[in-house]
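A structural walkthrough
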Amino acid sequence: MKSFNTLAFLTGAAALALLSACQQAETPAPESSATESNGPDAKPGISASQGRLVLPVVAGRPAAVYFSVRNDGPQAATIAGVYVEGSGKAEMHKTEGGSMSAVDAVEIAPGETIAFEPGGYHVMAFDLADTLKAGNATELTLTFSGGDKLSMPLHIETMGDAMNGGHH
């Protein structure tokens with residue numbers, strides 16, 4: 001019986017060691033987690049930062065997404081589409097003269113930074129998953145004309161967090 005207990009202990013220890021090794025192998029390399037700048041298929045010269053998703057006060061309403069995107073490339077770049085992980089649909093909008101309307105594309109001239117912020121350009125995210133909770137994060141993917149993409153993290157906030165300057 002003693003050799004059976006020893007065998008069971010050794011087998012358990014080996015299994016635990018293998019599980020630990022698997023979990024360490026799944027940890028992303030530090031450079032692959034730096035998603036606030038260009039990713040592997042990002043348009044050269046384009047970077048994005050300060051991403052946040054503000055949850056609606058009333059459940060079932062859309063969320064607002066704010067961020068900045070900069071073009072340090074030699075040519076104009078055009079954002080042609082947006083995707084927010086955890087939403088059924090996302091659209092670029094612009095508030096102008098007190099009214100909001102959807103826009104199909106946003107052009108960024110060389111050397112220019114466009115701020116997607118309250119009262120201007122922003123993204124509306126519809127049909128939100130229950131998994132989108134304040135304090136967590138999700139991902140925004142920008143698609144440029146020509147097919148290049150840029151993904152960045154979005155910190156999820158409530159409207160109260162946003163009005164008080166967020167957690168940044």
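Before reading on, note that the structure itself is shown above.
Here the structure is a predicted model, which is why all the values come from computation and not from measurement. (Residues numbered from 1 in each chain as written. Predicted model: local features only at pLDDT ≥ 70, side-chain atom pairs only at ≥ 80, totals over all residues. Heavy atoms only, no water.)

1. Regarding the overall build of the protein chain
For clarity, the threshold we go by: Think of it this way: any DSSP run of H or I at least four residues long counts as a helix, any run of E at least two long counts as a strand, and we number them from the N terminus. Think of it in three bands: residues with accessible area under 20% of the maximum for their type are buried, residues over 50% are exposed, and the middle band is partly exposed, with areas taken using a 1.4 Å probe on protein chains only. The contact criterion used is simple: two residues touch if any of their non-hydrogen atoms lie within 4.5 Å. All accessibility values rest on the Shrake-Rupley procedure with a 1.4 Å probe; residue burial counts only the protein chains present in the view.
Broken down by element type, the protein chain carries two helices and 10 strands. Scanning the protein chain from its N terminus toward the C terminus, one meets helices and strands in the order α-β-β-β-β-β-β-β-β-β-β-α. Taken across its 168 residues, the protein chain has 30% of its residues classed as buried. Sequence separation of 24 or more characterises 65% of the internal contacts of the protein chain that already satisfy a separation of 6 or more. Total accessible area on the protein chain stands at roughly 10100 Å², and carbon and sulfur atoms take up 56% of it.

2. Focus on the pattern of salt bridges
Which entries qualify depends on this criterion: One side-chain nitrogen of Lys or Arg within 4 Å of one carboxyl oxygen of Asp or Glu is enough to make a salt bridge.
One pass over the full model with this rule turns up four salt bridges. In this structure, the salt-bridge partner of Lys89 is Glu91, at a minimum N-O distance of 3.2 Å. Between Lys94 and Glu96 there is a salt bridge, with its nearest N and O atoms 3.5 Å apart. Glu96 gets classed as exposed once you look at its relative accessible area, which sits at 53%.

3. Remarks on the pairing of strand 8 (residues 121–128)
For clarity, the threshold we go by: Note: two strands are recorded as paired if DSSP finds a minimum of 2 bridges between them.
Pairing of strand 2 (residues 63–71) with strand 8, which is carried by three bridges, proceeds in the antiparallel orientation. Residue pairing in the sheet places Ala64 in a bridge with Met124 of strand 8. The pairing of strand 4 (residues 87–96) with strand 8 spans seven bridges and is antiparallel. Pairing of Ser87 across the sheet is with Leu128, part of strand 8.

4. Thoughts on the side chain of His122
Condition: Two N or O atoms form a polar contact when they lie within 3.5 Å of each other; inside protein one atom must be a possible hydrogen donor and the other a possible acceptor, and for residues adjacent in sequence the pair counts only when both atoms belong to side chains.
Here His122 is to be found in strand 8. Among the polar contacts listed, one links the side chain of His122 to the backbone oxygen of Gly120, at a separation of 2.9 Å. Every residue in contact with His122, bar those within four places of it in the chain, is listed here: Val65, Tyr66, Glu91, Met92, His93, Lys94, Thr95, Met100, Phe116 and Glu117.

5. Here's the deal with the packing of aromatic side chains
Just so we agree on the cut-off: We call Phe, Tyr and Trp rings a pair once their centres come within 6.5 Å, taking the six-membered ring for Trp, and we label the pair stacked below 30 degrees between planes, edge-to-face above 60, and tilted otherwise. Note on criteria: charge over ring means Lys NZ or Arg CZ within 6 Å of the ring centre, with the direction from the centre no more than 35 degrees off the ring normal.
Here the structure, examined in full by the defined rule, presents two aromatic pairs. Measuring from centroid to centroid gives 4.3 Å for Phe67 and Phe116, while their planes differ by 15°, and the two rings are stacked. With Phe67 in strand 2 and Phe116 in strand 7 (residues 113–116), the pair connects residues that are 49 residues apart, well separated along the chain. For the pair shown, Phe67 and Phe116 are each scored as buried. Between the aromatic rings of Phe116 and Tyr121, the centroid separation amounts to 5.7 Å while the plane-to-plane angle is 35°, which identifies the pairing as tilted. Through a chain of ring-to-ring contacts, three or more aromatic side chains come together here, namely Phe67, Phe116 and Tyr121. Between Lys89 and the ring centre of Phe126, over which it is positioned, the NZ or CZ distance is 5.1 Å.

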